[in-house]
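# Summary of structural features
As a plain string of letters, each chain reads:
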Amino acid sequence: KKCARTPPKHSWQHTSKCTLSRTLGPTLVPDNDMSMTLLHVEGMTCKKCVRRVEKALMAVPGVRVAAVDLEAGTAEVHGEASVAAMVAALEEGGYPAKERETGFVTLQVDDMTCRKCIGRVEKILMAVTGVSAARVDLDAGTAHVEGVGDTGTMIAALAEGGYPAREMQPESANLIEIDSPPVRTLKVEGMTCKKCVGRVEKALMTVPGVSAARVNLDAGTAEVEGTGELQAMVQVLEEGGYPAREAGASGGGVRTLQVEGMTCNKCVGRVKKALLTVAGVTAARVDLDAGTAEVEGTASLQAMVATLEEGGYPAGEFAPHNANLIEIDVPSVRTLQVEGMTCKKCVGRVEKALLTVAGVT
């Protein structure tokens, strides 16, 4: 009677409170310690069905609160009763039922202007049957709702409260799949400062097909995005004084060629350029004083020699004069991580201590 005389401002509030008051009395309301279950109930067509479903649920041991929403076809139940017992009780009465799974929905909510709006929107959403949590983001104009509440009911409740709303669709729904550009990592030698980083990045960006270049000075690497050719990238870097090769490249290993006829820096450039045109060559470094060229990749020796000879530089595989050399074992080296050193005196003490160990040279 009290509800009928003094209805709340919103009809959705009126319906919810009237139902609980009529079924359970004004003193029995759900609390945070009760578990909540939302059931989807079929076969309800009128208010008499609502009362029958509520009565059947309240007869189940452990049910403390039951609120039925005729339009949504749901029953929100609070208490310790099992879902199976509730479903069985409803089906005996001619109302097939099943539990609705908890989910998440994000609503775009218009006309929120202040913190009071946040409180009002959250209050409206929490009054909807099946909603277990609601978090509002004023800046984004959104409400993230958790539970089993009906989205249409939430939108209607918000609209009645003065906040037009709609369900947000996943952003990926309207996205067009775009292939990511390939990425290559180059090992770059000779970089010593930030100016080198700038020069390497600038040089790489001049290569056709390169869309981005990021250089890591400490690691001595350059990460390159785009469809630029590896040989073109290596060549442009070596022309700038930064020998380079693809990081992790292992196919073919390294070969050293003995190159004759080189007399100046222009010859060095011509030999490098010629070698990089050979299929399978990934990097080439030329030493004018030694008369050699160190080549990385999978190219055949014959192809490299033929290319150089066409350019006027007779070449052959380098054979070191090692016939009279005696093999000497190189001492092993270990690196230790030492904690607690704070000054130069610590350095001296650590070195002195290590040199007292038998076998340390």
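Residues numbered from 1 in each chain as written. Predicted model: local features only at pLDDT ≥ 70, side-chain atom pairs only at ≥ 80, totals over all residues. Heavy atoms only, no water.

Every buried residue of helix 8 (residues 230-239) is accounted for by L230, M233, V234, V236, L237 and E238. Looking at the residues trailing helix 8, positive phi occurs at G241, about 95°. (Buried < 20%, exposed > 50% of the residue type's maximum accessible area, 1.4 Å probe, protein only. Helix = DSSP H or I, 4+ residues; strand = E, 2+ residues; numbered from the N terminus.)

Moving on to the pattern of salt bridges. Counted by the stated rule, this structure contains nine salt bridges. Among the ionic pairs, R285 bridges to E294, the shortest N-O distance being 2.9 Å. (Salt bridge = Lys/Arg side-chain N within 4 Å of Asp/Glu carboxyl O.)

Turning our eyes to something else, we now look at the environment of T192. With respect to the helices and strands, T192 occurs in the loop between strand 9 (183-188) and helix 7 (194-205). Spatially, the C-alpha atoms of T192 and L217 are 7.4 Å apart, while their sequence positions differ by 25 residues.

Glancing now at the sheet that holds strand 10 (residues 210-216). Within the open sheet, the four strands sit side by side as 10-11-9-12. Their pairing is antiparallel. Of all the strands in the sheet, the pair left with one neighbour each is strand 10 and strand 12 (244-246). Along the sheet, successive strands turn relative to each other by an average axial angle of 25°, direction set aside. By the bridge criterion, six bridges tie strand 10 to strand 11 (residues 221-226) in an arrangement that is antiparallel. Of the residues in strand 11, the one forming a bridge with R214 is E223. Most of the contacts of helix 7 go to strand 10, to which it runs at about 160°, and overall it touches strand 9, strand 10 and strand 11. Against the sheet, helix 8 makes contact with strand 9, strand 10, strand 11 and strand 12, and its axis sits at roughly 30° relative to strand 9, the strand it touches most. (Pairing = 2+ DSSP bridges. Axes fitted to C-alpha atoms, helices over the stretch in contact; angles between N-to-C directions. Contact = heavy atoms within 4.5 Å.)

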